[in-house]
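A structural walkthrough
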Amino acid sequence: MGRVVRALGRLSMDRVKTGVAGLDTMLNGGLLPARPYVVSGPTGSGKTILAVQFLLDGLRQQEPCLLVTLDEPPIEVKANMATFTWNLDRLKILDATPDIRAHKRQRSVIDVGTSLDVRDMEDVTEIRQSSQIRALEVTVHSVQKMIKQEFSHHLERTKQRYKRVVIDSMTALKMFAMQGQDSRILIQSFVRFLAELEATTLIISERLNKKILETEFFLARGEIRLNKWIDGSVIRRAISIEKFRGSSFDDRMHPISIGDNGMVVYLDAPAQTRVSTPAPKPGESLLETRLIDEVSNVIESIMRQIEDAHRRQVPIRDIEVSLSRAMLAFQRRNYQKAIKLALACDSELKERLGKAPLPPPISTPPRPPQVIR
Amino acid sequence: MLHGGFVPGRPYIVSGPPGAGKTILAMQFLREGLEGGERCLFVALEEPPNELKINMRGFRWNLDDLDVLDANSDIRRFEPTPILEISTEEEPAKMRAIGERIRKTPDFESKEVSVHSLQQLLKNLFLKRNYERVVVDSMTALRYFCMREFEETVTTQSFMRYLAESKVTSLLTLELPEEGEVPPEAFLARGEIRLHKLRDETGIKRFLSVEKYKGSSHDENVYPFDITNAGIVINMAPMLAVAH
């Protein structure tokens, strides 16, 4: 732990502070400048808060900062951040949220890129209304173009380059803007684009699946991970650094809290808090997560069977009712009850589907034509 | 652990999740070669060379004579223009000559690195200079970004076959997901060194194991290692009977 690469960090290089005090200590002073990093974690773990705090630290040092928002409209970001005692008036915010989709695909669907909307946080007043005639669509290309335009505009106006950029979030960009394209190459190009901007960038990304190696995670020069888990009946939060190229770092997981002044990392938290980290230990929280996995697996399998039953027109109305009861129990975190109900549904479904006649084969091969003499 | 080292002229894999220390291990392998006066090449597909240079400064290694080939694709152009492949005449830069700032994509053309052109480029390079050690960092980037029109596993196999035929000892880094399956590159190589990253309440613990080594006996144990300013240091003392 401590021995690991501590010496590496003593480089005579400027660091970019994240604005989260404990985190900077963990990073041995801060991030290395002009590189893209990933902030990951589940929904509600505090990714956006951390990122805005990073921008706030830049503003305090008179650095130009840009928030590119793809998830929430600027007005919502503003409202959410109003709960903190921060002065974000001079934060530039680029609205790259897609419009309400025009359901009829027509020629007039245009890229957002052609209508750049960048404002100071203090000028954000209302949500942008989708135009009745043309719907703005967000593509990777348009987001890139917008950022590039804003960079050169800003350089022209103020003779200053943006020093810090936040992309909130990559998950949205992937979901909305990369449909049906080779997303890996697009992400590579986008991360390269961010690196060439020579600003220190935080890319917010939700880690969707641990079994899939997501491009931005190995391309980013580092990963700050926010962890959130249930420990008995309380939600626990912790922060960890998973990867940090070119520097040593504190590789322990530290508890965090989110208060009026934003995120705080407890570097010397009592051991008790640290014992219940989500590390694979046979503890209550682990049992619970496994139970949750179990229930969701069973429910998923039931859903598939229900679909099957509908196709084959097997009556299962009553099973659907008891499934909804199982899901209700699941929602109320009564996992024991949920699994019992779900398993009952599962076995009943299996029995009924087993009795029902098999569906006709999807297509029968055509008969060879008879030779008529 | 390898009972003496690699069998020369073959491709090997060093695999592990992001942040395990693959690039550092690969760099150490090249540095060993440089010390012995060998010609070494680093093919960078994940990281721009300027950052690589800065990152390696923390280690007190003399890498000045290392050749670094920048095989990072440019920012993609969206206009329907013909894609320019990286020139097969591209030359690697000596580590000492690499600048501080990132190379910028030119305004009107952007170059793309495809596995085909990279292979051609390496062929030219191998003819001109007799490289003894080559690192490709990483195979994952090669698979993800450079094989647009090719079947990935077959192309990977042919690339590794090509490296074997060129008779260079090559070390290819491979990104592993945190859980789940190992990509097929691991089966194709003549050997695999795997880096493991485990987290407990005291922090990240790193371990190293030789998963496979064709043509030689090898140590079957898993050993812990640290990353120090001398690079990766394996702690051979405590034998860990970690079963896989």
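Residues numbered from 1 in each chain as written. Chains lettered and ligands numbered in written order. Predicted model: local features only at pLDDT ≥ 70, side-chain atom pairs only at ≥ 80, totals over all residues.

Here's the deal with the overall build of chain B
Counted only if it meets this: Starting at the N terminus, helices and strands are each numbered in turn, a helix being any DSSP run of H or I of at least four residues and a strand any DSSP run of E of at least two. The size measure is the radius of gyration over C-alpha atoms, and the globule rule it meets is 2.2 Å times the number of residues to the 0.38 power. Comment: burial labels come from other C-beta atoms within 10 Å of the residue's own C-beta, placed from the backbone, where a count of 20 or more is buried, 12 or fewer is exposed, and between is partly exposed.
Tallying secondary structure elements over chain B gives six helices and 12 strands in all. In summary, chain B has a C-alpha radius of gyration of 18 Å against a globular reference of 18 Å for 244 residues, a match within 12%. If one aligns the C-alpha atoms of chain B with their principal axes, the spans along those axes are about 55 × 40 × 40 Å. Counting all 244 residues of chain B, 43% fall into the buried class.

A closer look at the overall build of chain A
The line we're drawing: Residue pairs qualify as contacts under a 7 Å threshold applied to their C-beta atoms, which are placed from the backbone.
Per the secondary structure count, chain A includes 11 helices and 12 strands. Buried positions account for 40% of the 373 residues belonging to chain A. Partitioning the contacts of chain A with sequence separation of at least 6, the portion at a separation of at least 24 is 75%.

Quick word on the sheet that holds strand β10 (residues 203-213) of chain B
In a beta sheet, neighbouring strands are held together by backbone hydrogen bonds and run either parallel or antiparallel to one another. Residues and elements named next belong to chain B. How we decide: Two strands qualify as a pair provided that DSSP identifies no fewer than 2 bridges between them. Working convention: axes come from line fits to C-alpha atoms, limited for helices to the stretch in contact. Angles between N-to-C directions cover 0 to 180 degrees.
Taken in spatial order, the 10 strands make up an open sheet running β5-β3-β2-β7-β8-β1-β9-β10-β11-β12, and their pairing is mixed. Edge positions in the open sheet fall to β5 (93-94) and β12 (231-234), since each of these has one partner strand only. Pairing of strand β7 (residues 133-137) with strand β8 (residues 169-175) involves four bridges; the strand directions are parallel. Looking at the pairing, V135 lines up with L171 of β8. Where helix α2 (residues 49-56) meets the sheet, it contacts β2 (40-44), β3 (67-70) and β5, and its direction lies at approximately 140 degrees from that of β3.

Considerations on the interface of chain B and chain A
Let me state the cut-off plainly: In this classification, the charged set is Asp, Glu, Lys and Arg, the nonpolar set is Ala, Val, Leu, Ile, Met, Phe, Trp, Tyr, Cys and Pro, and all remaining amino acids, among them Gly, are polar.
Residue-level contacts link 37 residues of chain B with 40 residues of chain A. Among the elements of the structure, α2, α4 (139-145), β9 (191-200), β10 and β11 (223-228) of chain B are those that each provide at least two residues to the side of chain B that touches chain A. Here the side of chain B that touches chain A is composed, by residue class, of 11 nonpolar, 12 polar and 14 charged.

Looking at the sheet that holds strand β8 (residues 200-205) of chain A
Residue and element names in this part refer to chain A. Ordered by their spatial adjacency, 10 strands build an open sheet running β5-β3-β2-β7-β8-β1-β9-β10-β11-β12, and the pairing between neighbours is mixed. Two strands bound the open sheet, and with one partner strand each, they are β5 (118-120) and β12 (262-265). Across this sheet, the average inter-strand angle for adjacent strands is 25 degrees, counted without regard to direction. When strand β2 (residues 65-69) meets strand β7 (residues 164-168), the two strands line up parallel, connected through five bridges. Bridge pairing in β7 places V68 opposite I167.

Some remarks on the nonpolar core
As a reminder, the rule being used: Only buried residues count toward a nonpolar core: Ala, Val, Leu, Ile, Met, Phe, Trp, Tyr and Cys, linked into one set through C-beta atoms within 7 Å.
Counting residues in each nonpolar core, the largest one holds 72 residues, and the members touching the most others are A51(A), L55(A), V68(A), L94(A) and V166(A). The dominant element in this core, judged by the number of residues it contributes, is helix α6 (residues 183-197) of chain A, at seven residues. Not counting chain neighbours up to four residues away, the residues in contact with V166(A) comprise A51(A), F54(A), L55(A), L67(A), V68(A), L202(A) and I204(A). Core analysis: the second largest hydrophobic core is formed by 60 residues, F42(B), F159(B), L163(B) and V168(B) among them.

Considering α6(A)
Side chains that are three or four residues apart share a direction in an α-helix, a result of its 3.6 residues per turn. Residues and elements named next belong to chain A. In plain terms, the rule: Multiplying 1.5 Å by the residue count of a helix minus one yields the expected span of that helix.
End to end, α6 covers 21 Å across 15 residues, agreeing with the expected 21 Å (1.5 Å per residue, within 8%). Counted residue by residue, α6 has 12 buried out of 15 residues, so it is predominantly covered. Within α6 the residues assigned to the buried category are S183, R184, L186, I187, Q188, S189, F190, V191, R192, F193, L194 and A195. Once α6 ends, the next one or two residues include E198, with phi positive near 60 degrees.

Examining the pairing of β2(B)
Residues and elements named next belong to chain B. For β2, the buried fraction is high: five of the five residues fall into the buried class. Of the two faces of β2, the one lined by C40, F42 and A44 and the one lined by L41 and V43 are each fully buried. Pairing between β2 and β7: five bridges, direction parallel. Among the inter-strand pairings, V43 is bridged to a residue of β7, identified as V136. Taken together, the four bridges between β2 and β3 define a ladder with parallel strand orientation.

Topic: unusual backbone geometry
D168(A) connects to S169(A) through a cis peptide bond whose omega is 5 degrees. Locating S169(A) in the fold gives a position in the loop between β7 and α5 (170-177). The omega torsion of the bond from D137(B) to S138(B) falls at 0 degrees, within 30 degrees of zero and hence cis. Looking at the element boundaries, S138(B) is found in the loop between β7 and α4. Positive phi, close to 60 degrees, is recorded for N28(A), a residue that is not glycine. Here N28(A) falls in the partly exposed class, since 19 other C-beta atoms lie within 10 Å of it. At K159(A), a residue that is not glycine, the phi angle is positive and equals roughly 60 degrees. Note on placement: K159(A) falls in the loop between α4 (140-158) and β7.

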